[in-house]
Amino acid sequence: MENHSKTILITGITGFTGVYLKKHLEGKGYRVVGFSNSKSDDPSIFHCDLTQPDQVQAVITELSPDYVVHLAAISFVQHPVTLDFYEVNVLGTQNVLKACLNLPKPVTKILLASSATVYGNQIGSEYHESMIPNPVNHYGISKLAMEQVGKMYWEQLPILMVRPFNYTAPGQESHFVIPKIAAAFTSKAPQLELGNLDVYREYNGVNYVVEVYERLLFSKVTQEIVNVCSGKMHSLHEILDLFSQITGHQPQISINPQFVRPNEIQYLCGSVQKLKQLIELPTNNDLRELLTSFVN
């Protein structure tokens, strides 16, 4: 294991991505600290309400990070309280950036996690960073607003913004589609209710994503927005077929109208062109292997 003296702060460190990123970076020898809105017994994890600027300032000042990865967000599209998207995703980001601006020791790099949902529905199926965003839900709108807040600080802070496309792994909350499908197949459930099956998405592994985050974090690139994607798109029908092959089980699939979102984005696949110009892409991103990890 390499030995690094640099401190990396992860906001939302106890969330799905944060847990994987912390483990990945600690495995490389970095000192990883963070904060979360949930309590933790880990002394490297502080309790902090992202919507309270004084709390955010106090914690970030105490931790004095060299690098910041801002993951904390309301990320479930169907989260029931609309205001939370804006208080956490937009104003919370403002609080983090303002706190970083007021540090006695300037940060080397800030990675802000936006989302591919800012694209909304576009003409064509491969989305690239030069497209005009067209979000169709409050999550996507709040992430686009977050990007605009980030741009306000571009002249003062070394910021790189990422737009991750769909990714998953064991440990993701069960209301997300892949864990939900995996649970039905592994428990041999007789029936499975889903929403629209005719949607096409990238289904990348979280380990692929956190490795991309690490490589971008330590690149020299700032003041940019870049897709975090693989450029490989799959339909839900393919996912269901693969799970059936892996488990030998086939539940009866039915469409529940309550799960069909209004303004559903049909195609969501990223162009990897810009990302490949900035870093060398990791290779550990096989879909069958990823889905198998849910049932083993």
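Since this is a predicted model, take the numbers as computed values, not measurements.

J.: Looking at this model, I keep getting lost on the packing of helix α3 (residues 82–101) against helix α4 (residues 138–152). Mind explaining?
T.: Two measures define how a pair of helices packs: the angle their axes make with one another and the distance between the axes. Interhelical geometry of α3 versus α4 gives an angle of 15 degrees and a closest axis separation of 9 Å. With respect to each other, α3 and α4 are oriented roughly parallel. α4 is crossed by α3, and the crossing has right-handed handedness. Of α4, the residues touching α3 (which contributes T82, F85, Y86, N89, V90, T93, Q94 and L97) are H138, Y139, I141, S142, K143, A145, M146, V149 and G150. When grouped by side-chain class, the residues that make up the contact of α3 with α4 number nine nonpolar, seven polar and one charged.

J.: Before we go on, may I ask you to explain the sheet that holds strand β10 (residues 200–201) in this structure?
T.: In sheet architecture, strand pairing relies on hydrogen bonds along the backbone and comes in two forms, parallel and antiparallel. With mixed pairing, four strands are arranged side by side in an open sheet as β6-β15-β10-β13. Since the sheet does not close on itself, it has two edges, and those belong to β6 (126–127) and β13 (234–235), each with one partner. Relative to strand β15 (residues 267–270), β6 runs parallel, the two sharing two bridges. Note on β15: the bridge partner recorded for Y127 is G270.

J.: How should I be thinking about the pattern of salt bridges in this particular structure?
T.: A side chain with one charge may pair with a side chain of the opposite charge, provided their charged atoms come close. Inspection of the entire model under this criterion finds seven salt bridges. With its nearest N and O atoms 2.9 Å apart, the salt bridge here joins K28 to E214. Of this pair, K28 sits in the loop between α1 (16–27) and β2 (31–36) while E214 sits in helix α6 (residues 206–217); the two residues are 186 residues apart in sequence, bridging distant segments of the chain. Given the relative accessible area of 25%, K28 is considered partly exposed. K105 serves as the salt-bridge partner of D66, at 3.1 Å between the closest nitrogen and oxygen. Of this pair, D66 sits in the loop between α2 (53–63) and β4 (67–70) while K105 sits in the loop between α3 and β5 (109–113); the two residues are 39 residues apart in sequence, bridging distant segments of the chain.

Reading guide: rules and limits
Residues numbered from 1 in each chain as written. Predicted model: local features only at pLDDT ≥ 70, side-chain atom pairs only at ≥ 80, totals over all residues. Heavy atoms only, no water. Axes fitted to C-alpha atoms, helices over the stretch in contact; angles between N-to-C directions. Helix = DSSP H or I, 4+ residues; strand = E, 2+ residues; numbered from the N terminus. Parallel < 35°, antiparallel > 145°, perpendicular 65-115°, else oblique. Left-handed = near helix turned anticlockwise from the far one by under 90°. Contact = heavy atoms within 4.5 Å. Nonpolar A, V, L, I, M, F, W, Y, C, P; charged D, E, K, R; others polar. Pairing = 2+ DSSP bridges. Salt bridge = Lys/Arg side-chain N within 4 Å of Asp/Glu carboxyl O. Buried < 20%, exposed > 50% of the residue type's maximum accessible area, 1.4 Å probe, protein only.

Read these as spatial facts, not as claims about activity.
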